[in-house]
Amino acid sequence: METSTKVAEAVAALHTAIDALTDEVVDGLRAQLPSYAAVSQGQLRPRVMASLRNSLSLVQRWSEERRSPQGAAPGTGGGYGIPETHLDEITALARALPVEDIISAYRIGTDVVWRRFGEEMAARRGTAEDLLPIAETLRAWVDANTLRIVRSCRVGIQQDARTDRRRAALVRALLLGQARWDDSLSGDGAGAVGPGDGELTDDSYDRSALRLPFRACLPEAAASEAVLPEAVPSGGPEAAPAEHPPGHPGPGDRAFHRIVAALRPWLALDTAGRPLVTTVDGEVAGLLAGRPAGLCRSLVLGLGAPVTPSGIAAEFTRATQALRAAVGFGLVGAFTREELGLRATVVALPAVGEGLVRQRLAPLAERGEDGAQLEEAAAAYLRQGLRLDAAARTLYVHPNTLRNRLRRFEEITGTSLRDPADLAEIWWALAHRRLHGPAG
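Residues numbered from 1 in each chain as written. Predicted model: local features only at pLDDT ≥ 70, side-chain atom pairs only at ≥ 80, totals over all residues. Heavy atoms only, no water.

1. Things to note about the overall build of the protein
At step 1: When you go through the protein residue by residue, the secondary structure sums to 15 helices and seven strands.
At step 2: Here the protein holds 440 residues, and 47% of them are scored as buried.
At step 3: At a minimum sequence separation of 6, the contacts of the protein that also span at least 24 residues come to 72%.
At step 4: For the protein, the exposed area adds up to about 21,300 Å²; of that, 53% sits on carbon and sulfur atoms. (Helix = DSSP H or I, 4+ residues; strand = E, 2+ residues; numbered from the N terminus. Buried < 20%, exposed > 50% of the residue type's maximum accessible area, 1.4 Å probe, protein only. Contact = heavy atoms within 4.5 Å. Areas by Shrake-Rupley, 256 points an atom, 1.4 Å probe, with all protein chains shown as cover.)

Right under this line is the structure:
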């Protein structure tokens, strides 16, 4: 039996057992590559089978060339590249899987095919001389196409990155009121979008759709220390203590991807199916198609009202105020400015807070450490719902000691902790100082 006939028969045997060969390769990929284990069998198996059929067909062609009078020089099989349609599919796959894993997958599959091919050749009494030319050609083919995969994926990923950056810039301009809807974007839109010259193309967004502007970050770790007890805002989700360190994500940051993944079911999409999301001052921002279900305990999320494009900038400002208030008061979940009530108003009206700080807290600042102790006593009293004993326990002092401090606080600030109006002003001043810093 001629060597070329042995090769052809071995390849034919593998073609016949293509289902079992595909299963073996798929099992190897899913066992060795976690990214492939996350891909469903229904998506992975057809691609693997198509790749195996292509590879076996190439081996068959190499074998036939060796039978020709001219023969074939070892290593020339690299000229048989991956079909362009298959290369396009690999490039698309690289958007969901790491490129290095795709390359590893090709080598895993090649190892399985080569082992099975060797077994078939051994069953036909093939020799090392029979296998060596095929091995050299196969190695050259794998190396050449690995390079093609890397180049193709690099180009595809770079194009995607440019598109993503452009989309992020447009969304950011829209949220900040720097994009217009009545004109098309000049040129290809690759440049920066700035006030007065930024427009969003009509095909990027459904102009009739209502969208919710949002701004989000990961929860703050510290609980509030100087505000009233954290009652659940009217109409909003239950407040919960923060469990994660502060997150201020930027492009490519792991926190950014965590937030986007948590919001993905509700993110608004452009006509290409990509989410309308960006970053503003290191925080994730964008547009939602609807309000997230549940309490959204993994995020702090400020929401605007559903609006058409012309109202997005104003609602994004309100979403930002809601986020600032929620973070400042140690709340976790999704909130609108209305649901946060006075908390959001403290953020929205800093001038009022400045005036109340000067009127109610400035006399304490003149007394140094003693004044700070009296301010802390009033804050604990308000935070515990005007319950003297509970506030004293949080300060580790006797109730009579706290009672004396509160009396001195009233004398120095000229307020009465039994007067609802004075209580509201003290609460506002303390909340303003917490949110805007001691400079207030």
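2. A short note on the packing of helix α12 (residues 368–383) against helix α13 (residues 388–395)
At step 1: At their nearest, the axes of α12 and α13 sit 8 Å apart, and the two run at 125° to each other. The angle between α12 and α13 places the two elements in the oblique class. The handedness of the crossing between α12 and α13 comes out as right-handed. Here α12 contributes E376, A377, A380 and Y381 to the contact with α13, which in turn contributes L388, A391, T394 and L395.
At step 2: Looking at the contact of α12 with α13 residue by residue, the class counts come to six nonpolar, one polar and one charged. (Axes fitted to C-alpha atoms, helices over the stretch in contact; angles between N-to-C directions. Parallel < 35°, antiparallel > 145°, perpendicular 65-115°, else oblique. Left-handed = near helix turned anticlockwise from the far one by under 90°. Nonpolar A, V, L, I, M, F, W, Y, C, P; charged D, E, K, R; others polar.)

3. Here we look at the packing of aromatic side chains
Each aromatic ring pair is characterised by the separation of its centres together with the angle its planes make.
At step 1: With the rule as written, the count across this model stands at two aromatic pairs.
At step 2: Aromatic pair F329 and W427: ring centres 6.0 Å apart, planes at 20°, arrangement stacked. In this pair, F329 is assigned in the loop between α9 (312–328) and β7 (333–336) and W427 in helix α15 (residues 420–436), connecting sequence segments 98 residues apart. Neither F329 nor W427 differs from the other in exposure class; each is buried.
At step 3: Just above the ring of F329 sits the side chain of R343; from NZ or CZ to the centre is 5.7 Å. (Phe/Tyr/Trp six-rings, centres within 6.5 Å; stacked < 30°, edge-to-face > 60°. Lys NZ or Arg CZ within 6 Å of the ring centre and 35° of its normal.)

4. A few points about the pattern of salt bridges
At step 1: Enumeration according to the criterion identifies 20 salt bridges in this entry.
At step 2: For D23, the salt bridge identified is with R45, shortest N-O distance 2.9 Å. Remark: R45 occurs in helix α4 (residues 41–67) and D23 occurs in helix α2 (residues 18–32); sequence separation between them is 22 residues.
At step 3: Residue class for R45 comes out partly exposed when judged on its relative accessible area of 24%.
At step 4: The partner of R407 in a salt bridge is E411, with the nearest N and O atoms 2.8 Å apart. (Salt bridge = Lys/Arg side-chain N within 4 Å of Asp/Glu carboxyl O.)

5. Observations regarding the nonpolar core
The tendency in soluble globular proteins is for nonpolar side chains to be buried as a group.
At step 1: If you look at the biggest cluster of nonpolar residues, it comprises 41 residues, and the most contacted ones within it are L340, L402, L406, F409, L417 and W427.
At step 2: Of all the secondary structure elements, the ones that give two or more residues to this core are α9, α10 (342–348), α11 (350–365), α12, α13, α14 (399–413) and α15.
At step 3: Not counting residues up to four positions away in its chain, the partners in contact with L417 are Y381, L406, F409, E410, L423 and I426.
At step 4: Among the nonpolar cores identified, the runner-up in size contains 29 residues, and V11, L56, A105 and V113 belong to it. (Core = buried A, V, L, I, M, F, W, Y, C linked by side-chain atoms within 4.5 Å.)

6. A closer look at α2
Helical geometry note: an α-helix holds 3.6 residues per turn, so side chains three or four residues apart project in the same direction.
At step 1: Helix length check: α2 (15 residues) gives 21 Å between terminal C-alpha atoms against 21 Å at 1.5 Å per residue, within 8%.
At step 2: Those residues of α2 lying buried are I18, L21, T22, V25, V26, G28 and L29. Buried positions in α2, seen along its axis, are confined to an arc of 160° and lie on one side of it. (Expected span 1.5 Å × (residues − 1). Arc of directions from axis to C-beta.)

7. Considering the environment of L331
At step 1: With respect to the helices, strands and loops of the structure, L331 is situated in the loop between α9 and β7.
At step 2: Under the relative-accessibility criterion, L331 is labelled buried at 2%.
At step 3: Sequence spacing of L331 and L299 is 32 residues, and the spatial spacing of their C-alpha atoms is 9.6 Å.

8. As for the side chain of R360
At step 1: Along the chain, R360 falls in helix α11.
At step 2: Here E425 takes part through its side chain, which lies 2.6 Å from a polar atom of the side chain of R360.
At step 3: Residues within four places of R360 in sequence aside, it is in contact with T413, G414, T415, D422 and E425. (Polar contact = N/O pair within 3.5 Å; in protein donor to acceptor, adjacent residues only side chain to side chain.)

9. What to know about unusual backbone geometry
At step 1: Positive phi, normally seen in glycine, also occurs at D281, with a value near 55°.
At step 2: A positive phi angle is found at L386, which is not glycine, with a value near 65°.
At step 3: Within the secondary structure, L386 is located in the loop between α12 and α13.

10. Some remarks on the packing of α11 against α14
At step 1: Running from N to C, α11 and α14 cross one another at 110°; their axes reach a closest spacing of 9 Å. Here α11 is positioned roughly perpendicular relative to α14, judged by the angle of their axes. Considering how the two elements wind past one another, α11 and α14 form a crossing that is right-handed. Along the contact surface, α11 presents R360, P363 and L364, while α14 presents F409, I412 and T413.
At step 2: Tallied by class, residues from the contact of α11 with α14 come to four nonpolar, one polar and one charged.

11. As for the sheet that holds strand β4 (residues 277–280)
Hydrogen bonds along the backbone pair up the strands of a sheet, which may run parallel or antiparallel.
At step 1: Taken in spatial order, the five strands make up an open sheet running β4-β5-β3-β6-β7, and their pairing is mixed. Each end of this open sheet is capped by a strand with a single partner; those strands are β4 and β7. Adjacent strand axes in the sheet meet at a mean angle of 25° when their direction is disregarded.
At step 2: Two strands pair when backbone bridges link them, and β4 and strand β5 (residues 283–288) are joined in this way by four bridges, in the antiparallel orientation. In the strand pairing of β5, V277 is matched with G286. (Pairing = 2+ DSSP bridges.)

12. Details of the pairing of β4
At step 1: Burial along β4 is two-sided: V277 and T279 and T278 and V280, pointing in opposite directions, are all buried.
At step 2: Hairpin connection of β4 to β5: two residues between the antiparallel strands, including D281 at a positive phi of 55°.

These values are about where atoms sit, not about what they do.
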